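These are the residues of each chain, in order.
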Amino acid sequence: MLEMVLRRVGDVSSAALERAKRALSRELEFLDIYIDYRQLEPTLKAYDWKRKQYVASKLLMDLGRVNNALTVYLVEADAYEGNLNFVFGLAMPLKGIAGVFLRRLRNEFYGWSPDEEKFMQRVEKEVLHEVGHLLGLEHCPNPKCVMSFSNSIYDVDFKEARFCNLCKLKIYRRFSA
Ligand SMILES: [Zn+2]
Ligand SMILES: [Zn+2]
């Protein structure tokens, strides 16, 4: 079993953490996942005051890894990385750390009426996607696969909260048994 800890940064609901855990256990049975319910604070030095966004990799590095467990953060904030305007999430496989940034997964960000269930589905998809990267997967050309690259919230909504058979096979070849 591969150990993984889910943590939250800022005002993230326990329901979102639990939803992420359920999706991960469903898709990746070899993970041994536990939730750290403490509410962590984002570090100010990872904040870009000009853009009013966090620098994703900086923030995740500041938050760090818990022992030898793969460490996955749900972050109530907006973030960017390199020359990308924003990122829904980021994975650093060599560090064993990944994060999903929730601000742009909410309907409210786009001026639409709130939809908690839709939000939860997006959280599931983006967590599965970043954990897929943590486990060594690249982007998948199948637009329904959770490993397809999402440029917009429409792409996130289009894909499913599961790995296609090819991606699943790649993961299980490396990590099961
Ligand atoms: Zn990706
Ligand atoms: Zn795939």
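These lines cover the structure that appears in this document, whether it is placed above or below.

What counts, and at which threshold
Residues numbered from 1 in each chain as written. Chains lettered and ligands numbered in written order. Predicted model: local features only at pLDDT ≥ 70, side-chain atom pairs only at ≥ 80, totals over all residues. Heavy atoms only, no water. Donors = N, O, S within 2.8 Å, 3.2 Å for Na, K, Ca; no water. Tetrahedral: all angles 85-135°; square planar, octahedral: opposite > 155°, others 65-115°. Buried < 20%, exposed > 50% of the residue type's maximum accessible area, 1.4 Å probe, protein only. Helix = DSSP H or I, 4+ residues; strand = E, 2+ residues; numbered from the N terminus. Pairing = 2+ DSSP bridges. Right-handed = clockwise from strand over helix to strand, strands pointing away. Axes fitted to C-alpha atoms, helices over the stretch in contact; angles between N-to-C directions. Contact = heavy atoms within 4.5 Å. Phe/Tyr/Trp six-rings, centres within 6.5 Å; stacked < 30°, edge-to-face > 60°.

### Focus: the coordination of the zinc ion (ligand 2)
At this site the zinc ion (ligand 2) is bound by Cys-140 (SG), Cys-145 (SG), Cys-164 (SG) and Cys-167 (SG), with donor distances of 2.3 to 2.4 Å. Its 4 donor atoms give the zinc ion (ligand 2) angles of 107 to 111° at the centre, a pattern that matches the tetrahedral case. Mapped onto the polypeptide sequence, the residues donating to the zinc ion (ligand 2) form the spacing pattern C-x4-C-x18-C-x2-C. Summarising the burial analysis for this pair, Cys-164 and Cys-167 share the class buried.

### What to know about the pairing of strand 1 (residues 2-9)
Counting buried residues in strand 1 gives 6 out of 8 residues, a clear majority hidden from the surface. Relative to strand 2 (residues 31-40), strand 1 runs parallel, the two being bridged by 8 bridges. Bridge assignment links Glu-3 to a residue of strand 2, and that residue is Asp-32. Where the polypeptide runs from strand 1 across helix 1 (residues 14-27) and back to strand 2, its parallel neighbour, the crossover connection is right-handed.

### A few points about the environment of Lys-170
As for its placement among the helices and strands, Lys-170 is situated in helix 5 (residues 165-175). Residues Lys-170 and Leu-135, 35 residues apart in the sequence, show an inter-C-alpha distance of 9.5 Å.

### So, the sheet that holds strand 1
Across the sheet, 5 strands lie side by side as 2-1-5-9-8; this open sheet has mixed pairing. Across the chains shown, the open sheet's two edge strands, defined by having one partner strand only, are strand 2 and strand 8 (89-92). Across this sheet, the average inter-strand angle for adjacent strands is 15°, counted without regard to direction. Along the sheet, helix 1 makes contact with strand 1, strand 2 and strand 5 (70-75), crossing strand 2 at roughly 165°.

### Considering the environment of Glu-41
With respect to the element layout, Glu-41 can be found in the loop between strand 2 and strand 3 (47-48). Sequence spacing of Glu-41 and Leu-166 is 125 residues, and the spatial spacing of their C-alpha atoms is 38 Å. Contacts of Glu-41, omitting those with residues within four sequence positions, involve Val-9 and Leu-63.

### Section: the packing of aromatic side chains
Enumeration according to the criterion identifies 8 aromatic pairs in this entry. Relative to Trp-49, the ring of Tyr-47 lies with its centre 4.8 Å away and its plane at 80°, an arrangement referred to as edge-to-face. The partly exposed category is assigned to Tyr-47, whose relative accessible area is 23%. Between the aromatic rings of Tyr-110 and Trp-112, the centroid separation amounts to 5.0 Å while the plane-to-plane angle is 25°, which identifies the pairing as stacked. The class of Trp-112 is partly exposed, set by a relative accessible area of 34%. Connected via pairs of aromatic rings, a cluster forms that spans Phe-109, Tyr-110, Trp-112 and Tyr-154.

Any functional reading would require information beyond the geometric quantities listed.
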